[in-house]
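Chain residues, written in single-letter form:
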Amino acid sequence: MEGTKPVNKKLAAALSGGAVLVLALSGCGGSSEDSGNDKLNSWAKQVCDAVKPQAQKIEEANAAIQKQTSDNSTPEDVQKTDAQAFQDMSDAYKAIGTAVSNAGPPDVEDGKTKQANAVKELKDISTSYANLKTQVAKLDTKNQAKFAEGLKGIATQLGQLSQSGSDALKKLEEGDVGKAMAQQESCKSASGSPGAASS
């Protein structure tokens with residue numbers, strides 16, 4: 001059963017970078033001084049409250065894949081776990097995109113553009129995870145070498161996905177938006193989640 005283990009470790013390492021995307025949205029790194037803008041604070045609360053359960057979902061999907069790397073997992077187990085994890089992540093990013101969309105533009109300069117770009121980015125990330133799920137589900141679990149090769153390709157894409165993709169989110173939470181988000185309890189707890197620092 002050796003072939004898939006190191007590859008799934010690569011997958012787990014690539015994935016732990018992916019969690020950073022959500023944490024970028026969780027307002028961590030912003031100072032928690034009051035932005036003094038009630039409209040912006042209520043926008044931040046709406047987004048943070050919606051992000052929190054999704055950030056949790058992404059952490060759990062991460063943990064499931066990590067767990068498969070430490071156990072003596074069969075290719076079938078790895079495939080099932082990874083496919084489910086990618087589906088969960090796809091759903092979570094989609095839900096965050098919907099939350100940012102529903103919240104409307106934040107009350108800052110270029111708020112509308114920043115919001116639109118972030119929503120598009122989140123939807124793109126969701127689609128990418130859905131594609132990875134399809135790919136992992138198609139892998140041949142009967143052929144160990146082929147399966148490991150397929151996983152390697154998925155790990156590479158995952159690595160690229162976690163490298164790219166959070167620019168619009170970072171722009172969305174610059175300045176006052178970040179300050180307002182940093183004040184929200186739900187964002188504070190999301191940004192303190194385990195594994196956040198391992199990028």
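Note that the structure is predicted; figures quoted are calculated from it, not measured.

Visitor: Looking at this model, I keep getting lost on unusual backbone geometry. Mind explaining?
Guide: Most peptide bonds take the trans form, and the phi angle of most residues other than glycine is negative. Even without a glycine there, the phi angle at Asp110 is positive, about 60°. The residue Asp110 is located in the loop between helix 3 (75-103) and helix 4 (111-138) in this model.

Visitor: Would you take a moment to explain the state of the cysteines for this structure?
Guide: Any covalent bond linking the sulfur atoms of two cysteines counts as a disulfide. Within the structure shown, the criterion is met by one disulfide. Between the sulfur of Cys48 and that of Cys187 lies a disulfide, 1.9 Å long from S to S. Taking the sign of the torsion about the S-S bond as the criterion, the disulfide between Cys48 and Cys187, at about -90°, is left-handed. Of this pair, Cys48 sits in helix 2 (residues 38-70) while Cys187 sits in helix 8 (residues 185-191), and the two are 139 residues apart along the sequence. Both residues of the pair, Cys48 and Cys187, belong to the buried class.

Visitor: In this structure, what is going on with the nonpolar core? I would like to understand it.
Guide: The nonpolar side chains of a soluble globular protein tend to be buried, and buried together. Among the nonpolar cores identified, the biggest contains 41 residues, and Trp43, Phe86, Tyr129 and Met181 are the most heavily contacted of them. Elements represented by at least two residues in this core include exactly helix 2, helix 3, helix 4, helix 5 (144-163), helix 6 (167-172) and helix 7 (175-182). With residues up to four places along the chain from it excluded, the contact list for Trp43 reads Ala103, Gly104, Pro105, Pro106, Leu172, Val177 and Met181.

Visitor: Can you help me understand the pattern of salt bridges in this one?
Guide: Side-chain pairing between opposite charges can occur once the charged atoms of the two side chains come close. Taken as a whole, this structure holds five salt bridges when the rule is applied. The closest approach of N and O atoms between Lys142 and Glu76, which form a salt bridge, is 3.8 Å. With a gap of 66 residues between them, Lys142 in the loop between helix 4 and helix 5 and Glu76 in helix 3 connect regions that are remote in the sequence. Relative accessible area serves as the criterion here: at 36%, Glu76 is assigned to the partly exposed category.

Criteria and cut-off values
- Residues numbered from 1 in each chain as written.
- Predicted model: local features only at pLDDT ≥ 70, side-chain atom pairs only at ≥ 80, totals over all residues.
- Heavy atoms only, no water.
- Helix = DSSP H or I, 4+ residues; strand = E, 2+ residues; numbered from the N terminus.
- Disulfide = S-S within 2.5 Å.
- Buried < 20%, exposed > 50% of the residue type's maximum accessible area, 1.4 Å probe, protein only.
- Core = buried A, V, L, I, M, F, W, Y, C linked by side-chain atoms within 4.5 Å.
- Contact = heavy atoms within 4.5 Å.
- Salt bridge = Lys/Arg side-chain N within 4 Å of Asp/Glu carboxyl O.

Any functional reading would require information beyond the geometric quantities listed.
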